[in-house]
Amino acid sequence: MAAPGKVAAFRLPPLPTIGEIIKLFRLKAQKQLSQNFLLDLRLTDKIVKQAGELKNAHVCEVGPGPGGITRSILSAGVKELLLIEKDARFIPGLQMLSEAAPGKVRIVHGDILTYKMEKAFPKFLQKDWEDEPPDIHIIGNLPFSVSTPLIIKWLENVSKKDGPFSYGRTQMTLTFQKEVGERLTANPGSSQRSRLSIMAQHLCTVENCFVIPGQAFVPKPEVDVAVVHFTPLVQPKIQQPFELVEKVVRSVFQFRRKYCFRGIETLFPESGRLKRTEQLMMTANVDPTLRPFQLSMSQFRNLCNTYRKMCDEDSSLFVFDYREELRQKKVARNVPGSTSQPGETEEDDQL
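Quick caveat, the model's predicted, so the values are computed rather than measured.

Peer 1: Residue-level account of the overall build of the protein, with values.
Peer 2: Regarding its fold elements, the protein presents 14 helices and nine strands. Burial statistics for the protein: of 351 residues in total, 49% are counted as buried. As displayed, the protein has an accessible area near 17400 Å², and 51% of this comes from carbon and sulfur atoms.

Peer 1: Describe in detail helix 3 (residues 68-75), supporting the description with residues and values.
Peer 2: Counting buried positions along helix 3 gives seven out of eight residues, so the element sits mostly inside the fold. Inspection of helix 3 places Gly 68, Ile 69, Thr 70, Arg 71, Ser 72, Ile 73 and Leu 74 among the buried residues, and these make up the whole buried set. Residue Gly 77 follows helix 3 closely and has a positive phi angle near 85°.

Peer 1: Any details on the confidence of the model for the protein? Residues and values, ideally.
Peer 2: For the protein, the average pLDDT comes to 89, and 87% of its residues sit at 70 or higher. Below a pLDDT of 50 lies the segment residues 1-8, which in the model reaches two contacts outside its immediate sequence neighbourhood of four places, other chains included. In the model, residues 340-351 has pLDDT below 50 throughout and makes 20 contacts with residues more than four positions away in sequence or in other chains.

Peer 1: I'd like a rundown of the sheet that holds strand 5 (residues 136-140), residues and numbers included.
Peer 2: A sheet is described by the order of its strands in space; here seven strands give the open sequence 4-3-2-5-6-9-7, paired in mixed fashion. Of all strands in the sheet, those bounded by a partner on one side alone are strand 4 (105-109) and strand 7 (204-212). When the angles between neighbouring strand axes are averaged without regard to direction, this sheet yields 20°. Inspection of the sheet shows strand 3 (residues 80-85) paired to strand 4 by five bridges, in the parallel sense.

Peer 1: Lay out the environment of Ser 194 with the relevant residues and their values.
Peer 2: Assignment of secondary structure puts Ser 194 in the loop between helix 6 (178-185) and helix 7 (195-201). We classify Ser 194 as buried; its relative accessible area is 11%. Expressed as a C-alpha distance, the spacing of Ser 194 and Val 252, which sit 58 residues apart in the sequence, is 9.5 Å. Once residues lying within four places of it in the same chain are set aside, the contact partners of Ser 194 are Arg 183, Phe 253 and Arg 256.

Peer 1: Talk me through helix 10 (residues 273-284); I want residue IDs and the actual numbers.
Peer 2: Between the first and last C-alpha of helix 10 there are 16 Å, a value that for 12 residues agrees with the 16 Å anticipated at 1.5 Å per step. Residues of helix 10 that are buried in the fold lie against helix 9 (260-265), helix 11 (297-313) and helix 13 (322-333). Phi for Asn 285, located one or two positions after helix 10, is positive at around 60°.

Peer 1: An account of the UniProt feature "binding site: S-adenosyl-L-methionine" (unreviewed entry) in the protein is requested, with residue identities and associated values reported.
Peer 2: Mapped onto this numbering, the UniProt entry gives "binding site: S-adenosyl-L-methionine" (unreviewed entry) at Asn 36, Leu 38, Gly 63, Glu 85, Asp 111 and Asn 141. In this fold, Gly 63 is placed in the loop between strand 2 (58-62) and helix 3. For Gly 63, a relative accessible area of 25% translates into the label partly exposed. Apart from residues no more than four positions distant in its own chain, Gly 63 is found in contact with Ile 84, Glu 85 and Asn 141. The residue Glu 85 is located in strand 3 in this model. Look at Glu 85 and you get buried, because its relative accessible area is 5%. Apart from residues no more than four positions distant in its own chain, Glu 85 is found in contact with Gly 63, Pro 64, Gly 65, Phe 90, Ile 91, Leu 94, Val 108, His 109 and Gly 110.

Peer 1: Can you break down the nonpolar core residue by residue, with the values?
Peer 2: Core analysis: the largest hydrophobic core is formed by 63 residues, its most contacted members being Trp 154, Leu 174, Phe 176, Leu 184, Phe 230 and Leu 303. For this core, the two domains that each supply at least three residues are domain 1 (18-232) and domain 2 (242-332). Dropping the residues within four chain positions of it, Phe 230 is found in contact with Ile 151, Gln 171, Met 172, Leu 174, Phe 176, Leu 184, Cys 204, Thr 205 and Val 206. By size, the runner-up hydrophobic cluster in this structure holds 31 residues, among which are Leu 83, Ala 101, Phe 217 and Val 227.

Parameters at a glance
Residues numbered from 1 in each chain as written. Predicted model: local features only at pLDDT ≥ 70, side-chain atom pairs only at ≥ 80, totals over all residues. Heavy atoms only, no water. Helix = DSSP H or I, 4+ residues; strand = E, 2+ residues; numbered from the N terminus. Buried < 20%, exposed > 50% of the residue type's maximum accessible area, 1.4 Å probe, protein only. Areas by Shrake-Rupley, 256 points an atom, 1.4 Å probe, with all protein chains shown as cover. pLDDT = per-residue confidence, 0-100. Contact = heavy atoms within 4.5 Å. Pairing = 2+ DSSP bridges. Axes fitted to C-alpha atoms, helices over the stretch in contact; angles between N-to-C directions. Expected span 1.5 Å × (residues − 1). UniProt positions renumbered as here; feature names shortened; annotations may be inferred. Core = buried A, V, L, I, M, F, W, Y, C linked by side-chain atoms within 4.5 Å. Domains from an automatic or database assignment.

In structure tokens, the structure reads:
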């Protein structure tokens, strides 16, 4: 019996181990879905601990699989746990967990990339963006194949304050390949600095919590796994629309081994390209001979702000597509009698 004035901690009843669940339902990780199971409950507890205080919180777990992290989340005393699982093979095992925690678990058989997260939680949990984060958390051991497109989608949701972030600054605790985790948190000058670094860090506080060795998973992946925690910022570091920031950053990193001005050039049509590139670099006060990974967040902010002004002055700029320009050049080069321009082949290959 709990002591007077204290709420008894939630405990799951005796259940088969995760290994036994896998055998019972004949579950096998599918390589084409990049599935890897984490069976060590000490590690799943450690992942859940990185999310912060979950007592009476509302949690969405992405891709629970056989339910290792699910058990650790339930043991943390959550109010409600929403499980979104694409693979129907895992549903019976998750239903067993649901029955062991009556009224706490909701199971959705669906794809997280298309699931409408803005309807996932009660409206009373909603907080103003400037307030502390809502009592909502997203946790997931993501398949490698979906982790990068999913975090880009969620970062866009952060920028637009919709999806899971229509409730406020919802926090996320997710797993990635170690290399992706390093990119998400890389500082200027780091060889891992990338488009992902800028897009994540300009919108969130990003913390690389710890690394799980590959041998802890079944089957063992060829790489180690990083646990990364995200808290959306009250004010983004670059206050421009997501699509504009993404376009500038993607362009800069297209030729990461070259000087940054080479990527900036791809923002502009061939006619007037050099003049406009010089105008953008000078107005933004960015050294054109820096490599993309050397640029600071403030330099990316200056580039985005200046590019926005140029787009406001010429509405055709933002819709310009350098790849489409290259494609049309290729078509023209295949016309009998035409000649290719020097240097195009190498850049075509990079793109």
